[in-house]
Number of protein chains: 2
Amino acid sequence: MPAPASNRSRARSADFGQWYLDVVRDAELASYSPVRGCIVVRPYGFALWEHVRDALDRRIKETGHENIYLPLLVPESLLETEAKHVEGFSPQVAWVTHGGADELAERLAIRPTSEAMVGAVYRDLIQSYRDLPVLVNQWANVVRWELRTRPFLRTAEFLWQEGHTFHASAAEAREEAERMLGVYREIWQDWLAIPTITGRKSEAEKFPGADVTLTGEALMGDRRALQMGTSHDLGSNFARAFDIRFLDRDNERRHPFGTSWGFSWRTIGAVIMVHGDERGLVLPPRIAPIHVVVVPIWRTVEERAAVEAAIAPVEAALRAQAVFGDQRIRVRVDRRDDVTPGYKFNDWELRGVPIRLEVGPRDVAAGTIVVAERLPATDGTGAKESVSVDHLPADVAARLERIQTRLLERSITFQRANTHRVSGWDELVDVNAAQGGFLVTGWCGSAACERDVQATTGATLRVLPFEGELEELEPPTACARCGAPASETAVFARAY
Amino acid sequence: MPAPASNRSRARSADFGQWYLDVVRDAELASYSPVRGCIVVRPYGFALWEHVRDALDRRIKETGHENIYLPLLVPESLLETEAKHVEGFSPQVAWVTHGGADELAERLAIRPTSEAMVGAVYRDLIQSYRDLPVLVNQWANVVRWELRTRPFLRTAEFLWQEGHTFHASAAEAREEAERMLGVYREIWQDWLAIPTITGRKSEAEKFPGADVTLTGEALMGDRRALQMGTSHDLGSNFARAFDIRFLDRDNERRHPFGTSWGFSWRTIGAVIMVHGDERGLVLPPRIAPIHVVVVPIWRTVEERAAVEAAIAPVEAALRAQAVFGDQRIRVRVDRRDDVTPGYKFNDWELRGVPIRLEVGPRDVAAGTIVVAERLPATDGTGAKESVSVDHLPADVAARLERIQTRLLERSITFQRANTHRVSGWDELVDVNAAQGGFLVTGWCGSAACERDVQATTGATLRVLPFEGELEELEPPTACARCGAPASETAVFARAY
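Just so you know, these numbers come straight off a predicted model, no measurement behind them.

### Observations concerning the side chain of A:Gln415
For step 1, the next point in the chain: Within the secondary structure layout, A:Gln415 lies in helix α12 (residues 392-417).
For step 2, the next point in the chain: In this structure, A:Gln415 is in contact with A:Pro195, A:Thr196, A:Ile197, A:Leu219 and A:Phe438, ignoring residues within four places of it in sequence.

Printed below as a string of structure tokens:
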């Protein structure tokens, strides 16, 4: 059993990094494992991931993609086929050299990503324009040998989905890469309640082997940015490297155009860092493993019997109530008898359960239940309140919808407040040092200026935003570094 | 596009092994990959696995288990902690020796199974009787370096679920191992339509590190047996090896008792081999990726328009119809215009779609649709028939239920017909050579007799059946090998 929240030091404001690690441990999301850089995802953390995964999986299927499964192990020669790709990934590869007692003739990489495997497999499966588009996805583990790891955000092994597609034209591939970034954005916004700035990566930051990398960047509670997921237009780079060709309608053999796109469990880290507070996790109801926790309150055996008898039908009525369209309300009654109600309150607050119900003998007599939200609104909405048992299921469903909306509004407000237009070098350096957050500025497009910003400020070029992404901000007209006319609006930030 | 079924040699009766490989390839379930012994599971095969997985996952959760995720890589020293376990698995382990450019201080095994990792992780998480039972499960990939591989049945990497539990008493652990074998049996029977003989494994066949291994064994179409899944009572073997202890209610520190149980994608291989026929796959409706395929039939542009206009509302009405409780009917309209209806019939028969609908101009005029089942009953039920469009959704739902039942009855009949009571050595040898199937006989319990049977006949001891499993057969009283009094009833068979 965890120590109650009050026993732990968890000063989010004082040490955000340590607070994050404490929350991951104390809310029992994940723990360290006996393997360097790898975590054990515990039931509560995995249930959170399952809700995110299932929501995204549904949208991936609704947009016409089918799931497949590709081998974990990638022969070294395959990984080396696309030159930029291998250059980007080989420093991070874990290598299998022996099978049983025998040394292998060729080393096998544990997949850091599967573009190379996809290239080799679809060389045989794509023959004609009738075989296009190929629209596939896999949910899989990947390994990237990282020196500095952090639960969910950066781990040597992680779970993700990787989509892979091939198309007959460059335009279709670009459209697909944009469509899937749009699907990701829906999940980030509507499920995780996290706003993002979407757009392109710079040449220096793009995926090894891609023509264009699209990204969504979010702002964490410490005003550092996190890359939430990326979608790549691979052009015909992999198709050429793997000699994939299709016979087109005009009887010409052509290389198809590819995309790939990935969304990992690091988004769980974002949920923690965007919504959490001094008391621990705050979970958006749509992905919360438990929507409602019920805490019985009693002193005597008679009271206990009366309270438990009153809770049973409430539990059943709540479970029968739909919310967010097709979800059922997920209820947990905390029947532990070796801890106090106060301990339970702290415990479930730490775990970010959106709604707590308290049922004591006086509530039973009155036919009411006390409802308390994990994070009342600043105007007091959602603070402790008595609700009639009859209205409870509908009341709770409506609250869950409101909480979901409120969390998104809150994170949008935070992002806006921490997105700063900076128009020259001094302002960029000063605002970055004093406030952090997203720094919106002009950029001449040169890699040298991009490097200089990073070297001086620690902020990297997160995203070249799509038109309309920052409409309230007039774009700066000069490069913040060199003063030359800006060819792009760029968003810099210190990042995870 | 696949070649039509009629172009392929697929003589199930003549060469069952080759027929299996042809079906896996031609129905586009899986293809070979560039990595030795690893397959690519294609969309149709993966959808089949998803339906099986989701059904089992629901039952695993309903029986109180929670999903987790453990690291892929297991340090060599951990794998070696339980002596019998490492002895059983080390010949099959793929070893990671390098991360990036650096050689690792300790080799890492790619998990062949996770008991060792579970032991190391739960040593820290189990402290008190309040932490018990631990009831967790993971869906994961594992690697076992196999010399002879076969798609789904035996692959160097495969997907499975592995459940891991710890309990305060030996009795609870035994009960859990039995409960989960029961859950597996439900899935095999009610979803895959495959009967099994359940019971214990012999000492020689049990899981390395287990006290008792429970198994379900099914009979494939060539009368060879397949182990469908196993559930292990681990006693306190792993708890002792990993020094896991809990403080009991009486203030004594004790080792808990463990179980583990696994169900893999080899069950997809069983579905192919139990139900398939000369024309390809036959899929139980509950797990079929497509329940109903609609083939439009037309010659002229006008006919095409009329037929397509008639199909649209049928498609919508079918999709809205529930079947098997919470499933929706899964419909595919085959609108390809570069192949003939006859080609489509073969194509979807090869893929085992349970029901085909044919819609031509005459059907449109009459307000009917032609319904044909993939595998009509021997009495002709399910052969081509005209059904009124109005009755179609209910008719199709009822047929799917009937087909599911009929497939199970058919496989039960086959298993019964190929389960032979043999009462002496000559009969065992003769029946095995002439007929194969399950050979039910007496066994004295000695490993020597078990080895002799295998050495002479190629049949292994599949299962020591639970009481009541073979109630129609009177158990033989003497060991088929040595003639000594039988202490057990044993089921031998040649197996995959």
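Still more ground to cover, so stick around.
### Things to note about the nonpolar core
For step 1, the next point in the chain: Among the nonpolar cores identified, the biggest contains 82 residues, and A:Ile110 and B:Ile110 are the most heavily contacted of them.
For step 2, the next point in the chain: Apart from residues no more than four positions distant in its own chain, B:Ile110 is found in contact with A:Leu72, A:Leu73, A:Val96, A:Ile110, B:Leu72, B:Leu73, B:Ala94, B:Val96 and B:Val143.
For step 3, the next point in the chain: In terms of nonpolar packing, the next biggest core, distinct from the first, is built from 62 residues, B:Val24, B:Leu48, B:Phe263 and B:Met273 among them.

### With respect to the packing of helix α2 (residues 43-62) of chain B against helix α6 (residues 170-191) of chain B
Residues and elements named next belong to chain B.
For step 1, the next point in the chain: Put simply, α2 and α6 touch, their axes get as near as 10 Å, and they point 145° apart. α6 is crossed by α2, and the crossing has right-handed handedness. Of the residues in α6, those in contact with Ala 55, Leu 56, Arg 58, Arg 59 and Ile 60 of α2 are Met 180, Val 183, Tyr 184, Glu 186, Ile 187 and Trp 191.
For step 2, the next point in the chain: Broken down by class, the residue content of the contact of α2 with α6 amounts to 8 nonpolar, no polar and 3 charged.

### Some thoughts on unusual backbone geometry
For step 1, the next point in the chain: At the junction of A:Leu132 and A:Pro133, the peptide bond is cis and its omega measures out at -5° in the coordinates.
For step 2, the next point in the chain: In this fold, A:Pro133 is placed in the loop between α5 (115-125) and β7 (134-143).
For step 3, the next point in the chain: For A:Phe324, which is not a glycine, the phi torsion comes out positive at approximately 50°.
For step 4, the next point in the chain: With respect to the helices and strands, the residue A:Phe324 is situated in the loop between β16 (322-323) and β17 (327-328).
For step 5, the next point in the chain: Here the phi dihedral of B:Phe152 falls at roughly 70°; this positive angle occurs in a residue that is not glycine.
For step 6, the next point in the chain: Among the secondary structure elements, B:Phe152 is positioned in the loop between β7 (134-143) and β8 (157-167).

### A closer look at the relation of the copies chain A and chain B
For step 1, the next point in the chain: Rotating chain A by 180° and moving it 0.0 Å along the rotation axis overlays it on chain B with an RMSD of 0.0 Å. Both copies of the chain, as the preceding transformation shows, are related through a two-fold rotation axis. Closest approach to the rotation axis among the C-alpha atoms of chain A is made by A:Val96, whose C-alpha sits 2.1 Å away.
For step 2, the next point in the chain: In this assembly the copies share their binding face: 100% of the residues contributing to the interface of chain A also contribute to that of chain B.

### Regarding the interface of chain A and chain B
For step 1, the next point in the chain: Counting residues at the interface gives 53 residues for chain A and 53 residues for chain B.
For step 2, the next point in the chain: Carbon and sulfur atoms supply 65% of the area that chain A and chain B bury against each other, a total of about 4100 Å² over both sides.
For step 3, the next point in the chain: At the boundary of chain A and chain B, one finds 4 salt bridges.
For step 4, the next point in the chain: Where A:Lys61 meets B:Glu50, a salt bridge forms, and the shortest distance between an N and an O atom there is 3.1 Å.
For step 5, the next point in the chain: Between the two partners, chain A and chain B, sit 22 residue pairs in polar contact (both at pLDDT 80 or more).
For step 6, the next point in the chain: If one sorts the elements of the side of chain A that touches chain B by residue count, strand β5 (residues 94-99) of chain A sits on top with 6 residues.
For step 7, the next point in the chain: Of the residues belonging to the side of chain A that touches chain B, the class tally is 34 nonpolar, 8 polar and 11 charged.

Criteria and cut-off values
Residues numbered from 1 in each chain as written. Chains lettered and ligands numbered in written order. Predicted model: local features only at pLDDT ≥ 70, side-chain atom pairs only at ≥ 80, totals over all residues. Heavy atoms only, no water. Helix = DSSP H or I, 4+ residues; strand = E, 2+ residues; numbered from the N terminus. Contact = heavy atoms within 4.5 Å. Core = buried A, V, L, I, M, F, W, Y, C linked by side-chain atoms within 4.5 Å. Buried < 20%, exposed > 50% of the residue type's maximum accessible area, 1.4 Å probe, protein only. Axes fitted to C-alpha atoms, helices over the stretch in contact; angles between N-to-C directions. Left-handed = near helix turned anticlockwise from the far one by under 90°. Nonpolar A, V, L, I, M, F, W, Y, C, P; charged D, E, K, R; others polar. Least-squares fit on C-alpha atoms with pLDDT ≥ 70 in both. Buried area = accessible area lost by both parts, 1.4 Å probe. Salt bridge = Lys/Arg side-chain N within 4 Å of Asp/Glu carboxyl O. Polar contact = N/O pair within 3.5 Å; in protein donor to acceptor, adjacent residues only side chain to side chain.

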